[in-house]
Amino acid sequence: MASAVGSAPSRAEVLSLFRSLLRTAAKFPDYNIREYTKRRTVDGFRQNRELSDPVAVAAAFAGGKSQLEIARRQAVVYSIYAPKAKSVMEIKAS
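Here the structure is a predicted model, which is why all the values come from computation and not from measurement.

Here we come to the packing of helix 1 (residues 11–26) against helix 3 (residues 54–80). When two helices pack together, their arrangement is given by the angle between their axes and by how far apart the axes lie. Following both chains from N to C, one finds helix 1 and helix 3 inclined at 20°, their axes separated by 10 Å at the closest point. Relative to helix 3, helix 1 is oriented roughly parallel. In the packing of helix 1 onto helix 3, the handedness of the crossing is left-handed. Contacts between helix 1 and helix 3 involve Glu-13, Val-14, Leu-17, Ser-20, Leu-21 and Thr-24 from the former and Phe-61, Gly-64, Lys-65, Gln-67, Leu-68, Ala-71, Arg-72 and Ala-75 from the latter. Here the contact of helix 1 with helix 3 is built from residues that sort into 7 nonpolar, 4 polar and 3 charged.

Structure representation (structure tokens):
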């Protein structure tokens, strides 16, 4: 499923990257960081939606993969140092 260097990734690979970024965002224990990561993922994919040049698509995909690895590492770090109290946004109204 890995693309050759310089060739554009398939639609399935791009969607897999998108879902992986959203799943990683959901792992952040802090509400603000979790929502920021989700928003940044969606905005980044919307921004690059109209790319048609295979080289530009491959570069954007490679950038997304590197962002995924960064987000995965940061999710682990944030889980270690997670705040004890929940955010006001996370508290359910009873």
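For the rest of this paragraph, the subject is a nonpolar patch on the surface. On the surface, a nonpolar cluster with roughly 440 Å² of combined accessible area is contributed by Val-76, Val-77, Ile-80 and Tyr-81. Residue placement: Tyr-81 occurs in the segment after helix 3. A residue is classified by how much of its surface remains accessible, and Tyr-81, at 64% relative accessible area, is exposed.

What counts and what doesn't
Residues numbered from 1 in each chain as written. Predicted model: local features only at pLDDT ≥ 70, side-chain atom pairs only at ≥ 80, totals over all residues. Heavy atoms only, no water. Axes fitted to C-alpha atoms, helices over the stretch in contact; angles between N-to-C directions. Helix = DSSP H or I, 4+ residues; strand = E, 2+ residues; numbered from the N terminus. Parallel < 35°, antiparallel > 145°, perpendicular 65-115°, else oblique. Left-handed = near helix turned anticlockwise from the far one by under 90°. Contact = heavy atoms within 4.5 Å. Nonpolar A, V, L, I, M, F, W, Y, C, P; charged D, E, K, R; others polar. Patch = residues over 30% accessible without salt bridge, like charges linked within 9 Å, V, L, I, M, F, W, Y side chains within 5 Å. Areas by Shrake-Rupley, 256 points an atom, 1.4 Å probe, with all protein chains shown as cover. Salt bridge = Lys/Arg side-chain N within 4 Å of Asp/Glu carboxyl O. Buried < 20%, exposed > 50% of the residue type's maximum accessible area, 1.4 Å probe, protein only.

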